[in-house]
Amino acid sequence: GGIRVENTGGAVEASTGSGNVIVSRAGGNTSATTGSGSIQLSSIEGSAHAHTGSGNIEIARAGGAVRAKAGSGRVRVEKAMGEVEAASASGSVEVEGSPKSARWDLRTGSGSVHVTLPPGTPFELDAHTGSGTISTAHPVTVSGAIRRNELRGVAIRPDNRIYIRVASGSVRID
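Quick summary incoming for the structure in this document. (Residues numbered from 1 in each chain as written. Predicted model: local features only at pLDDT ≥ 70, side-chain atom pairs only at ≥ 80, totals over all residues. Heavy atoms only, no water.)

### Comments concerning the overall build of the protein
Part 1 of the argument: Along the protein, the regular secondary structure elements total zero helices and 19 strands.
Part 2 of the argument: By the compact-globule yardstick of 16 Å for 174 residues, the protein fits well, its C-alpha radius of gyration being 16 Å.
Part 3 of the argument: Dimensions of the protein, computed from the C-alpha atoms along their principal axes, are close to 50 × 30 × 15 Å.
Part 4 of the argument: With 174 residues in all, the protein has 44% of them scored as buried.
Part 5 of the argument: Restricting to contacts in the protein with at least 6 residues of sequence separation, those with at least 24 account for 26%.
Part 6 of the argument: Split by element, the accessible area of the protein, about 7,800 Å² in all, is 47% carbon and sulfur.
Part 7 of the argument: Distance between charge centres in the protein, computed from 18 positive and 15 negative side chains, equals 3 Å. (Helix = DSSP H or I, 4+ residues; strand = E, 2+ residues; numbered from the N terminus. Rg over C-alpha atoms; globule rule 2.2 N^0.38 Å. Buried < 20%, exposed > 50% of the residue type's maximum accessible area, 1.4 Å probe, protein only. Contact = heavy atoms within 4.5 Å. Areas by Shrake-Rupley, 256 points an atom, 1.4 Å probe, with all protein chains shown as cover. Lys, Arg positive; Asp, Glu negative; His and termini not counted. Charge placed at Lys NZ, Arg CZ, Asp CG, Glu CD.)

In structure tokens form, the structure reads like this:
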């Protein structure tokens, strides 16, 4: 069945074979796993880790590193400031935040990747898609060859690193 945890003063570890997992306002590191179901983690003071075989993952306002993996489903991370590893075998990956000397590693087998950053965010970008296009609204100094499906470059000074790999789908950085 499903699991719901709210307003804890410490770490949370929640796991179920089938059902949704919802954790909000946790005072420490949080880990959530489900074989089949969605995961929602919000207002986590520590790191946030989520894994589902089939279902969507939404993580908002994690104070530490974020690690999210979906076999089949969308992964969405909001208000990210630290390290982010987000992957979906079949589904989109969306990450929004203000990274501070962080690495974002974003991957999807079949689906798009959408990154949203505040204007003026410094980052180094390494993005590649096997089938799809790459676009950015941020000014980027390109390094290497310019291709429709690959973009490497720097926006301002490279405090943050954004690494994106897509087998089939587009990449957008706003």
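### A few points about the sheet that holds strand 1 (residues 3–8)
Part 1 of the argument: Read from one edge of the open sheet, nine strands run 1-3-5-7-9-11-13-19-15, paired in parallel fashion. Edge positions in the sheet fall to strand 1 and strand 15 (134–136), since each has one partner strand and no second. With strand direction ignored, the average angle separating the axes of adjacent strands in the sheet is 5 degrees. (Pairing = 2+ DSSP bridges. Axes fitted to C-alpha atoms, helices over the stretch in contact; angles between N-to-C directions.)

### So, the pattern of salt bridges
Part 1 of the argument: Applying the stated criterion across every chain yields a total of 13 salt bridges.
Part 2 of the argument: Notably, a salt bridge pairs E6 with R4, separated by 3.3 Å at the nearest N-O pair.
Part 3 of the argument: Residue E150 pairs with R152 through a salt bridge whose shortest N-O separation is 3.5 Å.
Part 4 of the argument: Residue classification places R152 among the partly exposed residues on the basis of a relative accessible area of 34%.
Part 5 of the argument: The network of salt bridges with shared partners includes D126, E150, R152 and R165. (Salt bridge = Lys/Arg side-chain N within 4 Å of Asp/Glu carboxyl O.)

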